[in-house]
Amino acid sequence: APKKVGVVGVTGAVGQEIVAVLGERGFPVSELRLFASARSAGQPMETGSGTLQIEEFSLAAARECDIVFLAVSGDFALEWAEKISEGEGGALVIDNSSAFRYKDGVPLVVPEINAEAARRAKAKLIANPNCTTAIALMALAPLHEQFGTRRVIMSTYQAASGAGAPGMAELEEGTKAMANGGSASNEVFAHPLPFNVIPHIDKFLDDKYTKEERKVTWETRKIMDLPDLPVSCTCVRIPTLRAHAEAITIETEKPVDLDKAYAALNAAPGVTYDVEVGRVRKNDVFGDNGLDLFVCGDQLLRGAALNAVLIAEAVA
Ligand code: 2RA
């Protein structure tokens, strides 16, 4: 049956994409409610359900929905996600932030890989993974099913959109300024991004990895249900707008048969549709038990909005 759907954070890059994806996929919506801060309340927004007005977020209004997508900060999610979902009459909440991703009992879902786990858990709060992990796992999960995975080494090339609309604006404005002989400022990124590569995304942790890199480790283990899998990642921001790319090396349990690897990737839902995989080859380091590949995915779609809507389709 059609659902009452709320999207919180509709003025952000991910919120806007969620609204667009709901329309494009013809998600069965009986009523769509658009929530943001008081500053944006009253503004009109085009949606698949016609032009709607943005409302100021309130707990009562969110709880009137059947499904609520949170495209807001981790702090906001920590404060509100459980209040929106709890008890009789609570909504199914799909949270894009990292606030609940590592919490026991909160499923962390890439629908093509572990929707079943989420359905079984009957959870009212589901976490959407970090874009970097979701894009990688679209390729790694089908390969894991074929050959098993012993370890993963990954380097990323991440677009400005990972830092939301302000990140994209900082890249575009800085690039124009530099092309005209000026200089680029940086408030969003650790350093000016135009014509640069920056191996620093999110904060540094005590072990000298960045949090973005550790998200890949923690989330891969949880989604693939491989709690001890060694995963090492180096995350780098590059001056592209909205697609993350990743060079991935895996050591496999079983010897790799390249034809089987191609067939598994070709058969995997979502691969080539919103995530592209190429450069698949045996690698010299792990001999017969290794593969190298290059993966590229739309950061705002697979990394956030589309993945979240697919969770709703699979679970609600
Ligand atoms: C980034 N993965 O690319 C982050 C966004 N969630 O900055």
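Residues numbered from 1 in each chain as written. Predicted model: local features only at pLDDT ≥ 70, side-chain atom pairs only at ≥ 80, totals over all residues.

If you look the protein chain up in an unreviewed UniProt entry, it shows as Semialdehyde dehydrogenase NAD-binding domain-containing protein from Emiliania huxleyi. Per UniProt, the protein chain has the following entry under Sequence similarities (unreviewed entry): "Belongs to the aspartate-semialdehyde dehydrogenase family." (UniProt positions renumbered as here; feature names shortened; annotations may be inferred.)

A. Looking closely at the domain arrangement of the protein chain. Split into domains, the protein chain comes out as domain 1 (3-129 + 304-315) and domain 2 (133-299). For domain 1 versus domain 2, the distance between C-alpha centres works out to 25 Å. Listed by partner, the interface residues are 13 residues for domain 1 and 17 residues for domain 2. Within the residue set of the side of domain 1 that touches domain 2, elements represented by two or more residues are α4 (111-121) and α9 (301-315). Top contributing element to the side of domain 1 that touches domain 2 by residue count: α4, with three residues. Broken down by class, the residue content of the side of domain 1 that touches domain 2 amounts to seven nonpolar, four polar and two charged. (Domains from an automatic or database assignment. Contact = placed C-beta atoms within 7 Å. Helix = DSSP H or I, 4+ residues; strand = E, 2+ residues; numbered from the N terminus. Nonpolar A, V, L, I, M, F, W, Y, C, P; charged D, E, K, R; others polar.)

B. Seen up close, the nonpolar core. Counting 95 residues, the largest nonpolar core has Ile18 and Ala139 as the members making the most contacts within it. By residue number, the principal contributor to this core is helix α5 (residues 131-147), which donates eleven residues. Split by domain, the residues of this core number at least three in each of domain 1 (3-129 + 304-315) and domain 2 (133-299). Dropping the residues within four chain positions of it, Ile18 is found in contact with Val7, Phe69, Ala71, Ala305, Ala308 and Val309. (Core = buried A, V, L, I, M, F, W, Y, C linked by C-beta atoms within 7 Å. Buried ≥ 20, exposed ≤ 12 C-beta atoms within 10 Å, placed from the backbone.)

C. Main features of the site of the ligand. The environment of the ligand is formed by Asn130, Cys131, Thr132, Gln158, Gly162, Ala163, Ile201 and Glu212. Each residue belonging to the shell around the ligand can be placed in one class, and the counts come to three nonpolar, four polar and one charged. (Near = placed C-beta within 6 Å.)

D. Local environment of the UniProt feature "domain: Semialdehyde dehydrogenase NAD-binding" (unreviewed entry) in the protein chain. Within this numbering scheme, the UniProt entry marks residues 4-121 as carrying the feature "domain: Semialdehyde dehydrogenase NAD-binding" (unreviewed entry). End C-alpha to end C-alpha, residues 4-121 measures 22 Å, and it is 34% helix and 27% strand.

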